[in-house]
Amino acid sequence: MAAAMVSSAGGLLAMLNEPQPTLKHHALSHLNNLVDRFWPEISTSVPIIESLYEDEEFDLHQRQLAALLVSKVFYYLGELNDSLSYALGAGAFFDVSEDTDYVHTLLAKAIDEYASLRSKAVESSEMVDIDPRLEAIVERMLGKCITDGKYQQAMGIALECRRLDKLEEAITKSDNVEGTLTYCINVSHSFVNRREYRHEVLSLLVEVYQKLPSPDYLSICQCLMFLDEPQGVATILEKLLRSDSKDDALLALQISFDLVENEHQAFLLSVRDRLPAPKTRPVEVAQAVETTATTNENLSGDVQMADDTPVTPAQTIVHETDPVDATYAERLTKIKGILSGETSIQLTLQFLYSHNKSDLLILKTIKQSVEMRNSVCHSATIYANAIMHAGTTVDTFLRENLDWLSRATNWAKFSATAGLGVIHRGHLQQGRSLMAPYLPQGGAGGGGSPYSEGGALYALGLIHANHGEGIKQFLRDSLRSTNVEVIQHGACLGLGLSALGTADEEIYDDVKSVLYTDSAVAGEAAGISMGLLLVGTATEKASEMLAYAHETQHEKIISSWYVFLGGLALGIALTVYGREEGADTLIEQMTRDQDPIIRYGGMYALALAYCGTANNKAIRQLLHFAVSDVSDDVRRTAVLALGFVLYSDPEQTPRIVSLLSESYNPHVRYGAALAVGISCAGTGLSEAISLLEPLTSDVVDFVRQGALIAMAMVMVQISEASDSRVGTFRRQLEKIILDKHEDTMSKMGAILASGILDAGGRNVTIRLLSKTKHDKVTAVIGLAVFSQFWYWYPLIYFISLAFSPTAFIGLNYDLKVPKFEFMSHAKPSLFEYPKPTTVPTSNTAAKLPTAVLSTSVKAKARAKKEAEQKANAEKASGAEKSVSESGSGKGKESADKEGDSMQVDSTATVEKKAAEPEAAFEILVNPARVVPAQEKYIKLLEDSRYVPVKVAPSGFVLLKDLREHEPEVLSLTDAPTSTASPATGAASATQGTTASAMAVDDEPQPPQAFEYAS
Amino acid sequence: MDPQLTEVSQQLERFKAAFVRKDYNTCSDLLSRLKVLLTKFTSLPPLFENTPNAAQELAIARDIYEHAVVLSVKTEDQDAFERDFFQLKPYYVDARNRLPPSPQENLILGLNLLRLLVQNRIAEFHTELELLSSATLDNPCIKHAVELEQSFMEGAYNRVLSARQTAPDATYVYFMDLLAKTIRDEIAGCSEKAYDYVSISDARQMLLFSSDQELLTYVNEEHPEWEVKDGFVVFQKAKETAPCKEIPSLQLINQTLSYARELERIV
């Protein structure tokens, strides 16, 4: 049969010239089958076939066939455009379901063509003629994808082509609507670049979601948040809360937590305000809520100010209403607590406090090695301390070194005081009382130094960052009642932080009046503060600020003015956060400006407007400025800004800036370092580390500084076991700090870096994206302002806004943390805390050898740890054992048995453990530290008592209790607020009152032994 | 027997009858109808399906196309010849092992070679030649064409013309006439280059015309630029061909030397 093939298409080609149409048709149809083999032969006859296609007298059917044939030949000749236009002429003959390269290629081409036409049509808002045949082909393709069950493909095409109708069809017809929707959300975030279009897509998705019989409220609410529709969220929450099922209520709580994670304060507040009060006693609840609010505002001097947790008003109502409304009211208060951010802040605070593992010895070493008179390093140490203990409320170091601390003068004093704010970040209830000693005492000149007073106001802002309901009024009053620049500076920053993104008119006016006093110091803060207030609003006010910047700059050209304008420019940039194309006019205006400092602001504007979008246009513009601008400041910022634009795609950044990192210009190198630091923060990305490593030993001191800080940002929470370079880096830092001949700049960098590396008691990471891939507004803003520390050191504290705790915190219905175990299916050493440095021999601290983390030290530490564990284990009764031990023991056992059965003979394992190799997994107890890299190893135990409402490896997760009647064991007690209260279900009643007593020096409870539930 | 096959063979018989009668118009009509009928047979190229009547169908189809080729010669239609020959070719090449060789095969192949020669498509001529087996090359029909080509290339035009008498088949005569014309054109082209003028009698001899009248008609039709006066044919040679451009050697040498000097100065 092999011989039964024609060896040439010549015969058929000849037949095309026959006079009879039948013969031509015969030839065409055969040629069409043979074209794959004989296209070179046919290609010489293409003109004949083309003329057949164009021959009007010819039967339509045959003309289409001719078109198909020509299209195929052109395809083989690589002329895709011609091929496509003929394929369109082929009409139904072009079979989209054909599985050939030809069809695939042409379809891809057609879809590209169509998508580009469609987007052109939408973007330029002029009519673009789209060939209906092209549209028909794409639609046929879509239809085919849908019928074949390739929904993801169909959605992708529909999205690309902006065919929302088809998108909807694909989603509704898919067999797993929920899955498809989730996929679609992801896709729309990562691939839809235009903001407006993304909005359209998301509103469509919400629509589809709502039509589902059992909608996925979690996702809907995420979409709604993106669309900025608080009413929708409020309605959903209300529905869930009113439901009889406890599960629904749990879901509502979970939704609230997820929303809070995105840190969109203004949105959260409006959701909260839209939640209707319980029917029967609406007035009372409103009043109750109001009273809490008003008390907060009015009691400006009162230390106990924020004491009453929102639980209290609810409690009063519950007694009098009918059960349905009672539950609703109860739930409502919970939700409101969560939405205001108080619940999550409180829990985070407790977690950070109880798990604080910061290493005071590092600080001690730094302190001792830093020269007394070097004020830069002195304050750097204070910064490092603040960052290291951010949010932990542990201020031991400061308390122990009050003498040393008192050497801080002027602005150093300001930052030292403000540092307290970072340490106590989120300590909403106690913030005022803690800062009370430093705050301005009624009227100006109450005795304290203006620097510490200003610092204290700034600290209050930091404590209440993004949750400033209670403190705003106080800060405003302070701002108004002073004329001292320094205090104004602190108050402005504080106000900006606490009222972040609320666009509060009154505050804006107050701050603006400070700006117009034309004081450099206060004006800088005012500029930033205005930016913070207006984050993402893109109002007219930005142009107003810009005009002012122009107006003033001609009069005064002094160095501090530069700082002021920098602040103002950054402020303007902040207003366009996340506006993407919407900000283009302003960006254009700023980047074209003659004054470099305005262009500098323009870079920030580009960075923030397109943050996390990886928008090609923005990247191109930034790269252009990075290499072409005349001002070093602008170039530095342009490179740095790349970090912001690319943080959603960290793998990209090292590649893009790698050339820039080798620039001759140190400013560009510095920018490259920070860009990598920002976008790869907390990822421990290998390429990022490789890029930064050479920069840490750059010839220019400030490049070294930037590289060290960036490196610390990248390596935060990466353990030495997962990347050995972390250890190297720690040793390098120590060496730089101890080296007397090192430049101050890089020394400062090293000190800050060691602070960042161990930030928040080693329990936080820098995260710019929430788990749902939304930008975290506060975090991004925090880092943006932080990068401004080039001009103004106190802004370093803004980095604390970007810290997010790496924790799994499971909560029960009462928002308490029950004892709950889950598994991390990886070697414990991969994610463990860094080993604490050892105590140096008493007075040789200055000559301390660099290699502290020698193996002997490790061994020693391990031995010590094991001894502790053994002690723990022995303390526990026969059936109980210490957490880590049982984990390791079982790991071995189950590995041997190749099964997951959890029954182990405890005594046997305890004895065996010393010689055992490291376990393959460990059991974590709620709440637990789960670093980002660890998340994929997290698994739930099958026979657990609690089931999470949403499967998530970290963050706040609500747990469904499968055995409600058994008593619960609560593991996270209100550690920082009171002496550990026993685990009771009635904790809520006492919580409010115990909140005031604050025992900072309380040791966290040792992990309690627990019983293994088999 | 398959009704379609019967129909085709009946039509073919009628075609043959008309062919013998030299009623070429009827022949063309019948032929086109036959061709349409043939498209119904799936056993034919390019499908080559194994139908029960495959062999008969192939044979009859080949017969039809062979007749078509011969007919086109008779009607002196070169386009039709080419078309039909190409359609016939698969029967010779691809269906070789399904059919007994056709007695007409070599004749037709030879004709095709001649046609190529006439149309001065020498490259294709050789391509076709390469496809033939050495045994076929000895066949008088093919050999005839090959020898013609050799003589033609050598310029032994008289041998080409005398070959007319040795043509293996009557159908060849048509092409041989055409060939004579081709040769005449060749000779004319050469003379044009070689001479400024030639006497009419020499020209007549050279261009192989039997009478002066024929020569004059030829000149008028084909080479109006030639001039006939005083018993001479004057070839209007394009004498004004531009003289060959001189190579600006001196200038180049100077330039190169100056470059070298400059280079030395830079280093």
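Everything quoted here is computed from the prediction, not taken from an experiment.

Visitor: Mind showing me how you'd approach the overall build of chain A here?
Guide: Along the backbone of chain A there are 49 helices and nine strands. By the burial criterion, 60% of the 1014 residues in chain A qualify as buried. For chain A, restricting intrachain contacts to residue pairs at least 6 apart in sequence, the fraction spanning at least 24 positions comes to 73%. Here chain A has roughly 40000 Å² of accessible surface; of this, 53% comes from carbon and sulfur atoms.

Visitor: Please explain the side chain of Q64(A) as it appears in this structure.
Guide: Note on placement: Q64(A) falls in helix 4 (residues 60–77). Residues contacting Q64(A), with those up to four places away along its chain left out, are G89(A), A90(A), G91(A), A92(A) and F93(A).

Visitor: Explain the nonpolar core here, please?
Guide: The biggest cluster of nonpolar side chains holds 373 residues, and the ones touching the most others in it are F94(A), L167(A), I766(A), L783(A) and F798(A). Summarising the domain contributions, this core has at least three residues from each of domain 1 (3–195) and domain 2 (196–240) of chain B. Setting aside its immediate chain neighbours within four residues, F798(A) contacts Y458(A), L493(A), L497(A), L532(A), G782(A), V785(A) and F786(A). Of all hydrophobic cores here, the second largest spans 10 residues; its members include F808(A), F820(A), V930(A) and I938(A).

Visitor: Can you walk me through unusual backbone geometry in this structure?
Guide: Glycine aside, residues mostly have negative phi, and peptide bonds are mostly found in the trans state. Within the chain, R762(A) stands out as a residue other than glycine whose phi angle is a positive 65 degrees. R762(A) sits in the buried class, given a relative accessible area of 4%. The phi angle at E76(B) is positive, at roughly 55 degrees, despite the residue not being glycine. Note on placement: E76(B) falls in the loop between helix 3 (54–74) and helix 4 (78–93). Given the relative accessible area of 52%, E76(B) is considered exposed.

Visitor: Looking at this structure, how should I read the UniProt feature "transmembrane region" (unreviewed entry) in chain A?
Guide: Within this numbering scheme, the UniProt entry marks residues 790–813 of chain A as carrying the feature "transmembrane region" (unreviewed entry). In residues 790–813 of chain A, helix accounts for 0% and strand for 33%; the two terminal C-alpha atoms are 47 Å from one another.

Visitor: Which parts of the structure should I look at to understand the packing of aromatic side chains?
Guide: Remark: the centre distance and the inter-plane angle together describe each pair of aromatic rings, the angle taken between the planes. If you walk through the whole model with that rule in mind, you get 33 aromatic pairs over all chains. Judged by centre distance (5.9 Å) and plane angle (80 degrees), the ring pair of F94(A) and Y102(A) falls under edge-to-face. Assessed through its relative accessible area of 5%, Y102(A) is described here as buried. Measuring from centroid to centroid gives 5.5 Å for F81(B) and F175(B), while their planes differ by 75 degrees, and the two rings are edge-to-face. Residue F81(B) is located in helix 4, and its partner F175(B) is located in helix 10 (residues 172–194); the two are separated by 94 residues in the primary sequence. Accessibility assignment for this pair places F81(B) and F175(B) in one class, buried. Positioned over the ring face of Y508(A) is K541(A), at 4.8 Å from the centre of the ring. Above the plane of the ring of W790(A) lies R636(A), whose end atom (NZ or CZ) is 3.7 Å from the centre.

Visitor: For this particular structure, what's the right way to read the sheet that holds strand 1 (residues 197–199) of chain B?
Guide: Hydrogen bonding along the main chain pairs the strands of a sheet, whether they run parallel or antiparallel. Residue and element names in this part refer to chain B. In spatial order, the strands read 1-3-2; together these three strands make up an open sheet with antiparallel pairing. Strands at the two margins of the open sheet, each flanked by one partner only, are strand 1 and strand 2 (227–229). Pairwise comparison of adjacent strand axes, ignoring direction, gives a mean angle of 25 degrees for this sheet. Looking at chain direction, strand 1 and strand 3 (residues 232–234) are connected through three bridges and run antiparallel.

Visitor: Help me understand the sheet that holds strand 4 (residues 821–824) of chain A in this model?
Guide: Residues and elements named next belong to chain A. Read across the open sheet, the three strands follow the order 5-4-7; overall the sheet is antiparallel. At either margin of the open sheet sits one strand with a lone partner, and together these are strand 5 (922–925) and strand 7 (938–940). Strand-to-strand, the axes of this sheet are offset by a mean angle of 40 degrees, without reference to chain direction. When strand 4 meets strand 5, the two strands line up antiparallel, connected through four bridges. By the bridge assignment, S824 is partnered in strand 5 with E922.

Visitor: Explain the packing of helix 28 (residues 485–498) of chain A against helix 29 (residues 505–515) of chain A here, please?
Guide: Any two packed helices are characterised by how steeply their axes cross, that is the angle between the axes, and by the distance between the axes. Residue and element names in this part refer to chain A. Remark: helix 28 packs on helix 29, axes separated minimally by 11 Å, with the N-to-C direction vectors making an angle of 150 degrees. On the basis of the axis angle, helix 28 is roughly antiparallel to helix 29. Helix 28 and helix 29 meet at a crossing whose hand is left-handed. Packed against helix 28, whose contacting residues are Q488, C492 and L495, the element helix 29 presents I507, V511 and V514 at the interface. By residue class, the composition of the contact of helix 28 with helix 29 is five nonpolar, one polar and no charged.

Visitor: Please clarify how the pairing of strand 9 (residues 955–961) of chain A should be interpreted in this entry.
Guide: Consecutive side chains along a regular strand alternate between the two faces of the sheet. All names here are of chain A. Burial analysis of strand 9 places six of its seven residues in the buried class, the great majority of the element. As judged from the four bridges shared by strand 3 (residues 807–811) and strand 9, these two strands associate in the parallel manner. When the sheet's bridge partners are listed, F808 is paired in strand 9 with G955. With three bridges connecting them, strand 8 (residues 946–948) and strand 9 associate as antiparallel partners. Opposite P948, over in strand 9, you have L959 as the bridge partner.

Rules and cut-offs
- Residues numbered from 1 in each chain as written.
- Chains lettered and ligands numbered in written order.
- Predicted model: local features only at pLDDT ≥ 70, side-chain atom pairs only at ≥ 80, totals over all residues.
- Heavy atoms only, no water.
- Helix = DSSP H or I, 4+ residues; strand = E, 2+ residues; numbered from the N terminus.
- Buried < 20%, exposed > 50% of the residue type's maximum accessible area, 1.4 Å probe, protein only.
- Contact = heavy atoms within 4.5 Å.
- Areas by Shrake-Rupley, 256 points an atom, 1.4 Å probe, with all protein chains shown as cover.
- Core = buried A, V, L, I, M, F, W, Y, C linked by side-chain atoms within 4.5 Å.
- Domains from an automatic or database assignment.
- UniProt positions renumbered as here; feature names shortened; annotations may be inferred.
- Phe/Tyr/Trp six-rings, centres within 6.5 Å; stacked < 30°, edge-to-face > 60°.
- Lys NZ or Arg CZ within 6 Å of the ring centre and 35° of its normal.
- Pairing = 2+ DSSP bridges.
- Axes fitted to C-alpha atoms, helices over the stretch in contact; angles between N-to-C directions.
- Parallel < 35°, antiparallel > 145°, perpendicular 65-115°, else oblique.
- Left-handed = near helix turned anticlockwise from the far one by under 90°.
- Nonpolar A, V, L, I, M, F, W, Y, C, P; charged D, E, K, R; others polar.

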